Amino acid sequence: MHVDRNAEIEARHAVDTALAELGEGEKTWASLSLSKRADLLGRVRDLTVEHGNEWVDAARVIKGLSESSPLLGEEWMSGPYAFAGGASTLIHTLTALDSGNSPLASVEFGSAPGDRTTVQVLPMTMYDSLLLSGFRADVWLKPGIDAATATRSAGLAQREPTRTGGIGAVLGAGNITSIAPLDTFYELFAHNRVVALKLNPITDPMLPVLTTVLAPLIEVGAVRILTGGPEVGTYLVQHPSVAHVHMTGSSITHDAIVFGPGETGAERKAANDPILTKPMTSELGGVSPTIVLPGKWSRADIEFQAEHIATQRLHNNGYNCVAAQAVIISSAWDQRDEFLAALRDALDRAPGRRAYYPGSDARVTGALDSYPRSERLSNGRVLIGDIDPGDETALLTTEYFAPVLGVVELPCTGNSFAEKAVQTANDDFVGTLGINIIAHPSTIAEMGDRFESLLAELRYGTVAVNTWTGLGFLSAAATWGAFPGHTIDDVQSGIGIVHNALLIDGAERTVVRGPFRPAPRSLLAREWALTPKPPWFLSNRTAATTGRLLTAFAGKPSWAKLPAIFASALRG
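Model, not experiment: these values are computed from the prediction.

K.L.:
Tell me what's going on with the overall build of the protein chain, and back it up with residues and numbers.
P.N.:
Scanning the protein chain from N- to C-terminus turns up 23 helices and 18 strands. Its C-alpha radius of gyration of 23 Å places the protein chain within 12% of the 25 Å reference for a compact globule of 572 residues. Expressed along its principal axes, the backbone C-alpha trace of the protein chain runs to roughly 65 × 55 × 50 Å. Relative to its 572 residues, the protein chain shows a buried fraction of 59%. Long-range pairs, those at least 24 residues apart, make up 77% of the contacts in the protein chain with a sequence separation of at least 6. Within the structure as shown, the protein chain displays about 21,700 Å² of accessible surface, and the carbon and sulfur contribution to it stands at 53%. On the protein chain, the mean spot of the 47 positive side-chain charges and the mean spot of the 61 negative ones are 5 Å from each other.

Laid out in structure tokens, this is it:
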């Protein structure tokens, strides 16, 4: 006990020291011009690219991947690539503000149902149009906010850089390695708060490379990185020097922080009597659905989209807050059996990997216990079939955070199916972080304006059409977070947003769209999309090489770098 007490004292001293240094660093941060902040970001971006191999190698060790695994593409894309892209877009934002312009001065605005204005955030450059041909992302503003208002208000706290917001505590995630540093960016720039970043113990091996990459911000006293267990996190968030808390994790962890653990915490939650009274934002995941609209698909379409859904579930072995957990299909679709057989095969033959995330095996066992008729596939995967959403079912209310996928069938077709599927996703699923919709272009065309109206009816923070919501995570200028409206005592997928590197005010959601088919089939079908199999697909053989090349490109875009990227992508 004496050793434990000494360790606790030492950990608290580390927190106290970090917060004292951040208190002084806040003064320095307030004095930095926007151009100086942009310079710091440029150094962070360059260090990210320079040390990308170290970043990915640390992630590889955490996740038990081999040095030659194509799955390292996931770590490149969702690690240094995403972070370097976030830095670059924030530099654009700060540079625009510093010159007296809005970050949205040159964006394309549009409209969406319900008196909504949209902001196109992908593609933003010619490079985007080439590298992600056929893909698009739009931020939908809350109803009533027009383009002129959005243009004036973009920049958030960086519109008044000398007015800082104190110290923010960021509790990092344990799954995707760019989440913690990207959340740190958002505290620093959207809210103008210096940051105490507490790493999740799973990602402690990332400490050396994150310390290196964030060194420019650490040197000016704007960031401090802490490690340790739950007791360190509790001491940090309750510390009187901390003005705001942001976390990424589960709603269970959120409630333990806000209301306390155990029965006492449950009682306090029921009474909405939090022990943590300072402001808190969060990104907490949930049960994400994928809606498959019935249509007339070719065999190649069925196989590609089955692999697409398998990727949505099995990327990072299912340890993603926005991993698809349930597929909603029509039981009356005449290609139902063919599609389900292809989905089962895609799940079964996807590359195996270690179940590195704590509790994964127990959650898989829990799914098997809840659904005795479920199928056990290779590498510990589970497929649960024929769920009736009218029943009280764990599949729709428990985020398994493991390689478990279920199938929900609705006995209708056509527009009736689409409307019922949207209602089911809104009313029966826990969480509002992200939803995917897969639909043949002819089906979307036949639905006309009704399709866009259904998108507007969905209560999710990111909506993906013929792509995965993970693209929204990777798109630096897109918003990421739950649909607005949750409260501290009914938090579901969280409160607030992150990423949003254009610092848009008044965002409601992000809608991302992609081609139904990869190139060259997309060209033959006149979709005019040049992108082959995306590098985040599980079966992409050159994903690691493509991810590494894209990261270098994100650090310093160049026409000369494109041929190698295209060649690697085509070989995938």
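K.L.:
Which residues make up the packing of helix α22 (residues 543–555) against helix α23 (residues 562–571), and what values do they have?
P.N.:
At a closest axis distance of 9 Å, the pairing of α22 and α23 adopts a crossing angle of 155 degrees. With respect to α23, the element α22 is oriented roughly antiparallel. The handedness of the crossing between α22 and α23 comes out as left-handed. Contacts between α22 and α23 involve Thr545, Thr546, Leu549, Leu550 and Phe553 from the former and Leu562, Ala564, Ile565, Ser568 and Ala569 from the latter.

K.L.:
How would you sum up the side chain of Thr281? Please name residues and give values.
P.N.:
Here Thr281 shows up in strand β8 (residues 280–283). Its relative accessible area of 18% is what places Thr281 among the buried residues. Within polar-contact distance, the side chain of Thr281 engages the side chain of His244 at 3.5 Å. Engagement of the side chain of Thr281 in a polar contact is seen with the side chain of His246, the distance being 2.8 Å. The contact partners of Thr281, leaving out residues within four places of it in the chain, are His244, Val245, His246, Met247 and Ile495.

K.L.:
Please set out empty space enclosed by the protein residue by residue, giving values where relevant.
P.N.:
Enumeration according to the criterion identifies 6 cavities of 30 Å³ or more in this entry. Counted as a void, the largest cavity has a volume near 190 Å³. Together, 16 residues line the largest cavity, and His315, Asn320, Trp468, Gly470 and Phe473 are the ones closest to its centre. Counting only elements with at least two residues in the lining of the largest cavity, the list comes to α4 (72–98) and α20 (470–474). Counting residues per element, the lining of the largest cavity draws most heavily on α20, at 4 residues.

K.L.:
Hey, could you go over the pattern of salt bridges for me, with residue numbers and the actual values?
P.N.:
Pairing between side chains of opposite charge can happen when their charged atoms approach one another. Applying the stated criterion to the full structure yields 30 salt bridges. A salt bridge links Glu74 to Arg353; the shortest N-O distance between them is 2.9 Å. With Glu74 in helix α4 and Arg353 in the loop between α14 (336–349) and α15 (360–370), the pair connects residues that are 279 residues apart, well separated along the chain. Residue classification places Glu74 among the buried positions, given a relative accessible area of 5%. A salt bridge links Arg299 to Glu338; the shortest N-O distance between them is 3.0 Å. Of this pair, Arg299 sits in helix α13 (residues 299–314) while Glu338 sits in helix α14, and the two are 39 residues apart along the sequence. Judged by relative accessible area, Arg299 falls into the partly exposed class, the value being 42%. Looking at Glu338, the relative accessible area reads 29%, which means it is partly exposed. Within the structure, one salt-bridge network assembled from shared partners comprises Asp301, Arg517, Arg521 and Glu527.

K.L.:
Give me the sheet that holds strand β5 (residues 194–198): which residues, what numbers.
P.N.:
Read from one edge to the other, the open sheet built from 5 strands follows the order β6-β5-β4-β7-β8, with strand pairing classed as parallel. Looking at which strands have only one partner, the edges of the open sheet turn out to be β6 (223–226) and β8. This sheet shows a mean twist of 20 degrees between the axes of neighbouring strands, independent of strand direction. The pairing of strand β4 (residues 167–171) with β5 spans 5 bridges and is parallel. Bridged to Ile167 within β5 is Val194. Contacting β4, β5, β6 and β7 (242–248), helix α7 (residues 179–190) crosses the sheet at an angle of about 160 degrees to β5.

K.L.:
So what about the sheet that holds strand β11 (residues 375–376)? Which residues, and what values?
P.N.:
In space, the 11 strands of this open sheet follow the order β1-β2-β3-β18-β15-β14-β9-β10-β13-β12-β11, with mixed pairing throughout. Edge positions in the open sheet fall to β1 (109–112) and β11, since each of these has one partner strand only. Both strand β14 (residues 434–438) and strand β15 (residues 462–465) contribute to a ladder of 4 bridges, which runs parallel. Its bridge partner being in β15, Ile437 is matched across the sheet by Val465. Docked against the sheet, α13 engages β9 (288–292), β10 (324–330), β13 (404–410) and β14, running at close to 170 degrees with respect to β14. Set on the sheet, helix α17 (residues 414–428) makes contact with β9, β10, β13 and β14; between it and β9 the angle comes to about 180 degrees.

K.L.:
So, the packing of aromatic side chains: which residues are in play, and what are the values?
P.N.:
Applying the stated criterion across every chain yields a total of 18 aromatic pairs. An angle of 70 degrees between the planes, with centres 5.6 Å apart, marks the rings of Trp29 and Phe189 as edge-to-face. You can see Trp29 sitting in helix α1 (residues 2–31) and its partner Phe189 sitting in helix α7, a full 160 residues away along the chain. Owing to a relative accessible area of 0%, Trp29 belongs among the buried residues under this scheme. On the basis of an interplanar angle of 90 degrees and a centroid distance of 5.0 Å, the ring pair of Tyr127 and Phe553 is categorised as edge-to-face.

K.L.:
So, the UniProt feature "domain: Aldehyde dehydrogenase" (unreviewed entry) in the protein chain: which residues are in play, and what are the values?
P.N.:
Residues given the UniProt feature "domain: Aldehyde dehydrogenase" (unreviewed entry) here are residues 198–348. Taken as a whole, residues 198–348 contains 45% helix and 19% strand, while its terminal C-alpha atoms sit 37 Å from one another.

K.L.:
Lay out the pairing of β10 with the relevant residues and their values.
P.N.:
The buried count for β10 comes to 7 of 7 residues, which makes it a mostly enclosed element. Judged from the 4 bridges that link them, β9 and β10 form a sheet pairing that is parallel. Across the sheet, Ser288 pairs through a bridge with Ala324, a residue of β10. Handedness of the β-α-β unit built from β9, α13 and β10 comes out right-handed. Where β10 lies against β13, 5 bridges are found, and the strand directions are parallel.

The rules we used
Residues numbered from 1 in each chain as written. Predicted model: local features only at pLDDT ≥ 70, side-chain atom pairs only at ≥ 80, totals over all residues. Heavy atoms only, no water. Helix = DSSP H or I, 4+ residues; strand = E, 2+ residues; numbered from the N terminus. Rg over C-alpha atoms; globule rule 2.2 N^0.38 Å. Buried < 20%, exposed > 50% of the residue type's maximum accessible area, 1.4 Å probe, protein only. Contact = heavy atoms within 4.5 Å. Areas by Shrake-Rupley, 256 points an atom, 1.4 Å probe, with all protein chains shown as cover. Lys, Arg positive; Asp, Glu negative; His and termini not counted. Charge placed at Lys NZ, Arg CZ, Asp CG, Glu CD. Axes fitted to C-alpha atoms, helices over the stretch in contact; angles between N-to-C directions. Parallel < 35°, antiparallel > 145°, perpendicular 65-115°, else oblique. Left-handed = near helix turned anticlockwise from the far one by under 90°. Polar contact = N/O pair within 3.5 Å; in protein donor to acceptor, adjacent residues only side chain to side chain. 1 Å grid on protein atoms, 1.4 Å probe; cavity = no way out; pocket = protein on both sides within 12 Å on 5 of 7 lines; lining within 4 Å. Points joined across faces, edges and corners; volume = space filled by probe spheres on them. Salt bridge = Lys/Arg side-chain N within 4 Å of Asp/Glu carboxyl O. Pairing = 2+ DSSP bridges. Phe/Tyr/Trp six-rings, centres within 6.5 Å; stacked < 30°, edge-to-face > 60°. UniProt positions renumbered as here; feature names shortened; annotations may be inferred. Right-handed = clockwise from strand over helix to strand, strands pointing away.

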